[in-house]
Amino acid sequence: MLKRSVSILLLMFSACLVQAAEPRFIDGTHYTTLTTPLKTSYRGAEVGELMEFFSYSCIHCYNFEPAVQRFLAEKPDTIRYTYVPVMFNERQAPEVRAYYVIELLKLGATAHQAIFNEIHQQRKAMRTDDQFAKFFTRFDMTEDQYLAHAYSFGVNAKVNTSIYLTDNSGIAGTPAIIANGKYLIESGAVGGNEQALYAAKWLIEQDALVE
């Protein structure tokens with residue numbers, strides 16, 4: 001509790017210092033407040049969560065990833081960043097499972113970027129579980145081991161979470177940014193996808209100030 005209080009006080013101080021230079025984001029213009037907020041996963045000393053809805057097959061998500069990595073390198077630890085692989089339809093299930101295998105095995109940004117590169121640089125088809133199983137052999141596992149992970153209880157639960165978040169997010173495409181499970185950023189209105197990250201950060205900080 002003390003750590004969370006200190007984090008909020010630091011955010012308040014930071015907000016006061018930059019308020020004059022920070023843009024103000026307006027509901028209905030720069031973002032939309034969801035009627036029913038999504039479930040969030042930030043805990044403890046964390047003051048908020050930024051969700052990025054993405055798809056490995058999405059060229060815009062691939063192009064966005066360098067900006068995401070820059071943001072991750074500088075964001076405060078008190079803001080959780082959560083990748084959400086979208087599940088608009090069953091055809092996307094293999095890539096959703098692939099992301100959650102990365103998460104399960106803690107393969108990190110290297111494996112995450114490698115899938116993007118395989119699809120968008122190498123022009124390889126990555127649409128089926130078998131294709132992902134073959135790809136993951138480079139991470140010291142057999143195809144059968146990959147499939148066992150991809151259909152494990154933990155990954156199945158994550159896939160269900162992806163379905164829930166996608167269905168209730170109000171997003172129409174990817175990438176899309178939601179702050180604290182309730183503020184859907186209008187990327188075009190804030191100056192693009194990269195600026196959407198900072199708009200989300202600002203909204204999270206504003207929420208923390210009034211808690």
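This text gives an overview of the structure that appears in the document.

### A closer look at the packing of helix α2 (residues 59-74) against helix α9 (residues 193-210)
Move 1: Where α2 meets α9, the axes come as close as 9 Å, and the angle between the chain directions of the two elements is 30°. Regarding the angle of α2 to α9, the classification is roughly parallel. Crossing handedness for the pair α2 and α9: right-handed. Only Asn193, Glu194, Leu197, Tyr198 and Lys201 of α9 make contact with α2, whose side of the interface consists of Phe64, Ala67, Val68, Arg70, Phe71 and Glu74.
Move 2: The residue inventory of the contact of α2 with α9, partitioned by class, reads six nonpolar, one polar and four charged.

### Comments concerning the nonpolar core
Move 1: Of all hydrophobic cores here, the largest spans 53 residues; its most connected members are Ile115, Phe136, Tyr146, Ile177 and Ile185.
Move 2: In terms of residue count, α9 provides more of this core than any other element does, eight residues in total.
Move 3: Apart from residues no more than four positions distant in its own chain, Tyr146 is found in contact with Pro94, Arg97, Ala98, Val101, Asp129, Phe132, Ala133, Phe136 and Met141.
Move 4: Among the nonpolar cores identified, the runner-up in size contains 11 residues, and Leu34, Leu38, Val84 and Leu165 belong to it.

### Comments concerning the sheet that holds strand β5 (residues 183-185)
Move 1: Pairing in this open sheet of five strands is mixed, and the strands run β1-β5-β4-β2-β3 from one edge to the other. The two strands at the open ends of the sheet, each matched to only one other strand, are β1 (31-33) and β3 (79-85). Direction aside, neighbouring strands of the sheet carry axes that sit 25° apart on average.
Move 2: Sheet analysis places strand β4 (residues 176-179) next to β5, joined by two bridges and oriented antiparallel. Within β5, the residue paired with Ile178 across the bridge is Leu184.
Move 3: Strands in contact with helix α7 (residues 153-169) are β2 (48-54), β3, β4 and β5; relative to β2, the strand with the most contacts, it is inclined by about 90°.

### Section: the environment of Ser187
Move 1: Within the fold, Ser187 resides in helix α8 (residues 187-190).
Move 2: Taking the C-alpha atoms as reference points, Ser187 and Ala199, separated by 12 residues in sequence, lie 9.1 Å from one another.
Move 3: Ser187 has contacts with Gly192, Asn193 and Ala196, leaving out every residue within four places of it along the chain.

### Concerning the packing of aromatic side chains
Move 1: Considering all chains together, one arrives at 17 aromatic pairs under this definition.
Move 2: Taking 5.3 Å as the distance between ring centres and 75° as the angle between the ring planes, the aromatic pair formed by Phe25 and Trp202 counts as edge-to-face. One end of the pair, Phe25, is in the loop between α1 (2-18) and β1; the other, Trp202, is in helix α9, and 177 residues separate them in sequence. Note on accessibility: Phe25 and Trp202 belong to one class, buried.
Move 3: The interplanar angle of 75° and the centroid separation of 5.3 Å between the aromatic rings of Tyr31 and Tyr183 together place this pair among those described as edge-to-face. Here Tyr183 lies in strand β5 and Tyr31 lies in strand β1, a separation of 152 residues in the sequence.
Move 4: Here Tyr31 falls in the buried class, since its relative accessible area comes to 10%.
Move 5: The structure contains a cluster of three or more aromatic residues connected by ring pairs, namely Phe54, Tyr56, Tyr62, Phe71, Tyr81, Tyr83, Tyr99, Tyr100, Phe116 and Tyr198.
Move 6: The ring of Tyr164 is capped by Lys39, whose NZ or CZ atom sits 5.4 Å from the centre of that ring.

Cut-offs and rules
Residues numbered from 1 in each chain as written. Predicted model: local features only at pLDDT ≥ 70, side-chain atom pairs only at ≥ 80, totals over all residues. Heavy atoms only, no water. Axes fitted to C-alpha atoms, helices over the stretch in contact; angles between N-to-C directions. Helix = DSSP H or I, 4+ residues; strand = E, 2+ residues; numbered from the N terminus. Parallel < 35°, antiparallel > 145°, perpendicular 65-115°, else oblique. Left-handed = near helix turned anticlockwise from the far one by under 90°. Contact = heavy atoms within 4.5 Å. Nonpolar A, V, L, I, M, F, W, Y, C, P; charged D, E, K, R; others polar. Core = buried A, V, L, I, M, F, W, Y, C linked by side-chain atoms within 4.5 Å. Buried < 20%, exposed > 50% of the residue type's maximum accessible area, 1.4 Å probe, protein only. Pairing = 2+ DSSP bridges. Phe/Tyr/Trp six-rings, centres within 6.5 Å; stacked < 30°, edge-to-face > 60°. Lys NZ or Arg CZ within 6 Å of the ring centre and 35° of its normal.

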